[in-house]
Amino acid sequence: MGKCEQCIVREFSSLKALTKDELLHMAECKASYTIKKGEAIFEEGESINGVYCVKEGVCKMSKLSSNGKDQIVKLVKPGELLGQRSLISEEPANLSAVALEDMQVCFIPKSEIMSFFNKNNNFSMNMMRTICGDLRDADDHMVTMAQKTVKERLAETLLYLEDNFGKNDDGTLRIQLSREELAGMIGTATESCIRLLSELNKLGYIELIGKKIALKERQKLKRMAE
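Trainee: Is there a simple way to think about the packing of aromatic side chains in this case?
Mentor: How two aromatic rings sit relative to each other is given by the distance of their centres and the angle of their planes. Scanning the entire structure with this criterion turns up four aromatic pairs. Summarising the aromatic geometry, the rings of Tyr52 and Phe107 are spaced 4.9 Å apart at their centres and angled 55° between planes, so their arrangement reads as tilted. With a gap of 55 residues between them, Tyr52 in strand 3 (residues 50-56) and Phe107 in strand 8 (residues 103-109) connect regions that are remote in the sequence. Side by side, Tyr52 and Phe107 carry an identical accessibility label, which is buried. An aromatic cluster is defined as three or more aromatic residues linked by ring pairs; in this entry it consists of Phe42, Tyr52 and Phe107. Sitting over the ring of Phe165, Lys77 keeps its end group 5.6 Å from the ring centre.

Trainee: Sorry if this is basic, but what is going on with the layout of surface pockets here?
Mentor: Over the atoms rolls a probe the size of a water molecule, and its path tells where empty space is left. Roughly 1400 Å³ of volume is contained in the largest pocket. Around the largest pocket, the lining is made up of 49 residues, and of these Val73, Lys74, Asp134, Asp137 and Ala138 lie nearest the centre. Sorting the residues of the lining of the largest pocket by element identifies strand 5 (70-76), strand 6 (81-82), helix 2 (84-89), helix 4 (121-147), helix 5 (150-165) and helix 6 (179-186) as the ones contributing at least two each. If you tally residues by element for the lining of the largest pocket, the top one is helix 4, at 14 residues. Class assignment of the residues belonging to the lining of the largest pocket gives a composition of 22 nonpolar, 15 polar and twelve charged. In this structure, the lining of the largest pocket is formed jointly by two domains, domain 1 (4-145) and domain 2 (148-225), each of which donates at least three residues. Estimated volume of the second largest pocket: approximately 250 Å³.

Calculation criteria
Residues numbered from 1 in each chain as written. Predicted model: local features only at pLDDT ≥ 70, side-chain atom pairs only at ≥ 80, totals over all residues. Heavy atoms only, no water. Phe/Tyr/Trp six-rings, centres within 6.5 Å; stacked < 30°, edge-to-face > 60°. Helix = DSSP H or I, 4+ residues; strand = E, 2+ residues; numbered from the N terminus. Buried < 20%, exposed > 50% of the residue type's maximum accessible area, 1.4 Å probe, protein only. Lys NZ or Arg CZ within 6 Å of the ring centre and 35° of its normal. 1 Å grid on protein atoms, 1.4 Å probe; cavity = no way out; pocket = protein on both sides within 12 Å on 5 of 7 lines; lining within 4 Å. Points joined across faces, edges and corners; volume = space filled by probe spheres on them. Nonpolar A, V, L, I, M, F, W, Y, C, P; charged D, E, K, R; others polar. Domains from an automatic or database assignment.

This is a description of form; function is not addressed.
Rendered as structure tokens:
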């Protein structure tokens, strides 16, 4: 049984406001899971009845559009909580969470979270701030989608992937999205995404190494994204 008070990732979420006693109590109530790459932590429309704390690995939060395309809304890294909004709004999950690599997650039941929410003012404020931050990001994302060209959005997304998730030793992006997933992040057809990547490759802004992508000219990509 992992000790919650010794877990580093809790420092990155609203859980950082919990007292030692609350953390000890949480350690007794939580369940830990290993999620394999490609598996769902939960699906859109599911009732979650708790929150998941991401301990290791990255997942994509996505929504199925009416034409059956998977639109990636955001990527979630260790330390973040999943399912906070559904918990507060008492609605089913609005997005699906699918592992992009093997993950370790802890599930904290709703009853537990609500008791912290009612007793610990800092915890509830932190959770509200997180939800507000997600809303702000969603607003920004909506404006980007509406006002930037697909090429600008691609450049921005490639920079986001490197800045937030880092690089492998060979300089390629650590988070390896499929061409389809990348297209789903920038809101375009897979074919258009493939065409734009090969265009950026010809310009020397990026290098395509098999399925992997390495960013070669960060400044030029930045200018393109603006």
